[in-house]
Amino acid sequence: MTSKLPSNVDTPASEGFIPLSVPEVRGKELQYLKECLDTNWLSSGGPFVGRFEALVSEYLGSNYGIATSSGTAALHIALLVSGVQPEHEVLVSTLTFIAPANAVRYVGAWPVFIDSEPDHWQMDSNKLAEFIESRCSWNKGNLINKSTGRRISAILPVHILGHPCDMDSIMETAGKYNLAVIEDATESFGALYRGKFVGHLGHIGCLSFNGNKMISTGGGGMIVTDDQEQALRAKFLTNQSKDDGEEYIHQEIGYNYRLSNIQAAVGCAQIESLEQYVTTKRRIAGTYFEALAKVSGISYLVEADWAESANWLFTIAVNASEYGLTSRELMGRLKESGIQSRPLWQPLHLSPAHTGANSQECTVAESLWRDCLSLPCSVGLTEEEQKRVIQVITQSQV
Ligand SMILES: *Cc1c(COP(=O)(O)O)cnc(C)c1O
């Protein structure tokens, strides 16, 4: 007897259904794809990979871009080239999609989870410093977590939902304790921190171009860095550590983390639209801000005065006692009306997948998990559709 594998289809495409966040194709995607097919460059050879790497690194202002097969692969390689070793520890935001913490485990290191701050929901840079000062010791140039005895070698801030972390403060802490900073800028491609692009503020940055990110290649990622040695090593590791194209002699274990020419072609077209996407998402967020400000018990991530958010996923926090419904009850109401919404991720210090990782108390992240709901905010969301979402939220209030 054969049993069916689970389907990848998770969004019913029924009439009038409003999805949470789907890719937008409005540029030269087809033209560039046709070039791949006409020239027979389908795999990782061909001109689009290098072109896409150049476009992303130019956009962010970094010296190098290294394309990868996914954002998770980018994080894995970025950790390796940043010198994170087995049994090291990496300080990671607890409130994020799981990929960065998983990548830490891929290198044999351990995540240590840091709480979110309540206004912008990012890694709390004060609590980060507090963790180091109260729970770590400084021993011959190494930062040691007193409760595990392990060395902490990096910080991995994740700019969630389109909004930057407070990078000046994180970089100051990193400088003080000689820690590498690996930014996960996946959800905030196009966002600015004090006028500078997120992803090019730490020592190395990572992006994902999965289906629902700021731009999509169907699947893919990128590492960005200014450091030539790091860039060369990253390119080498993503290509099975091949430095000899003819005899196939490999000096060490590498990875097949290459992006294909087809995916890169889509990426080249998508990045041409990124600025438009950011502008559109800002308008969508603005409409939600205005309409929902009047609804008691509904609040949202407030943009810091030092930030220009990319507004990736528009997310509200539902205060159940003021609004009359919990976030999950509201999610049910939206679903009944054919509208997809979604809670944030289970904070990783609670994740069964990361049992055994150390963490500080993360009460802010826990209440955000309880209260938050992301709303439809695709670039292609129509005014009509957004009105329907707002109407259900306004009318469901008890
Ligand atoms: C989606 C996401 C990733 C993973 O990217 P993939 O390309 O799916 O591997 C990594 N980090 C964050 C913050 C994400 O949201």
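Residues numbered from 1 in each chain as written. Predicted model: local features only at pLDDT ≥ 70, side-chain atom pairs only at ≥ 80, totals over all residues. Heavy atoms only, no water.

Engineer: Which parts of the structure should I look at to understand the site of the ligand?
Structural biologist: Surrounding the ligand, one finds 16 residues, the nearest of these being T72, D184, E187, S208 and K213. A distance of 2.7 Å separates an oxygen atom of the ligand from a polar backbone atom of G71. Within the contact set of the ligand, an oxygen atom lies 2.5 Å away from a side-chain nitrogen or oxygen of T72. Relative to its unbound accessible area of 380 Å², the ligand is 91% covered by the protein chains. Comparing atom positions with the cavity grids shows the ligand to sit within the largest pocket. Elements with a minimum of two residues in the shell around the ligand: α3 (71–81) and α4 (99–106). Here the shell around the ligand gets three residues from one element, more than from any other, and that element is α3. Considered class by class, the residues forming the shell around the ligand number five nonpolar, eight polar and three charged. (Near = heavy atom within 4 Å. Polar contact = N/O pair within 3.5 Å; in protein donor to acceptor, adjacent residues only side chain to side chain. Areas by Shrake-Rupley, 256 points an atom, 1.4 Å probe, with all protein chains shown as cover. 1 Å grid on protein atoms, 1.4 Å probe; cavity = no way out; pocket = protein on both sides within 12 Å on 5 of 7 lines; lining within 4 Å. Sits in = over half its atoms within 2 Å of the grid points. Helix = DSSP H or I, 4+ residues; strand = E, 2+ residues; numbered from the N terminus. Nonpolar A, V, L, I, M, F, W, Y, C, P; charged D, E, K, R; others polar.)

Engineer: Is there a simple way to explain the pairing of strand β1 (residues 64–68) in this structure?
Structural biologist: A regular strand places its side chains so that they alternate between the two faces of the sheet. Here β1 lies mainly inside the structure; four of its five residues are buried. In this sheet, strand β11 (residues 221–225) lies alongside β1 in antiparallel orientation, the contact comprising five bridges. Opposite A67, over in β11, you have M222 as the bridge partner. (Buried < 20%, exposed > 50% of the residue type's maximum accessible area, 1.4 Å probe, protein only. Pairing = 2+ DSSP bridges.)

Engineer: Teacher, can you tell me more about the sheet that holds strand β8 (residues 192–193) here?
Structural biologist: Paired through backbone hydrogen bonds, the strands of a sheet run either parallel or antiparallel to each other. Judged by pairing direction, the sheet is antiparallel, and its three strands sit side by side in the order β9-β8-β13 without closing on themselves. Looking along the sheet, the strands with just one partner apiece sit at the ends: β9 (196–197) and β13 (307–308). Bridge count between β8 and β9: two bridges; the pairing is antiparallel. Residue pairing in the sheet places L192 in a bridge with F197 of β9.

Engineer: Would you explain empty space enclosed by the protein in this entry?
Structural biologist: One simple way to see leftover space: roll a probe sized like a water molecule over the atoms. Inspection of every chain in the model, using the stated rule, returns one cavity of 30 Å³ or more. Empty space within the largest cavity amounts to approximately 90 Å³. The wall of the largest cavity is formed by 16 residues, among which V22, P23, K213, M214 and V379 lie closest to the centre. Here the residues of the lining of the largest cavity sort into seven nonpolar, six polar and three charged. Mapping the lining of the largest cavity onto the domain boundaries places at least three of its residues in each of domain 1 (29–271) and domain 2 (274–396). (Points joined across faces, edges and corners; volume = space filled by probe spheres on them. Domains from an automatic or database assignment.)

Engineer: How should I be thinking about the layout of surface pockets in this particular structure?
Structural biologist: Taken as a whole, the largest pocket encloses approximately 670 Å³ of empty space. Lining the largest pocket we find 34 residues, and of these F97, N210, N212, K213 and R342 sit closest to its centre. Elements with a contribution of two residues or more to the lining of the largest pocket: α3 and α4. The class makeup of the residues in the lining of the largest pocket is 12 nonpolar, 17 polar and five charged. If you count residues domain by domain, the lining of the largest pocket takes at least three from each of domain 1 (29–271) and domain 2 (274–396).

Engineer: So what exactly am I meant to see when it comes to the domain arrangement of the protein here?
Structural biologist: In many analyses, interface size is given as the accessible surface area lost on bringing the parts together. The domains assigned to the protein are domain 1 (29–271) and domain 2 (274–396). The straight-line distance from the C-alpha centre of domain 1 to that of domain 2 is 25 Å. Facing the 51 residues of domain 1 at the interface are 43 residues of domain 2. Both faces considered, domain 1 and domain 2 share a buried interface measuring about 3900 Å² in area, 65% of it formed by carbon and sulfur atoms. Of all residues in domain 1, W121, L161 and M214 give up the largest surface area on contact with domain 2, accounting jointly for 20% of the area buried on that side. Connecting domain 1 to domain 2 are zero salt bridges. Counting every contact that joins domain 1 to domain 2 gives 25 residue pairs in polar contact (both at pLDDT 80 or more). Of all the secondary-structure elements, those providing two or more residues to the side of domain 1 that touches domain 2 are α4, β3 (110–114), α5 (125–135), β8 and α8 (261–292). Looking at the side of domain 1 that touches domain 2, the element that brings in the most residues is β3, giving five residues. (Contact = heavy atoms within 4.5 Å. Buried area = accessible area lost by both parts, 1.4 Å probe. Salt bridge = Lys/Arg side-chain N within 4 Å of Asp/Glu carboxyl O.)

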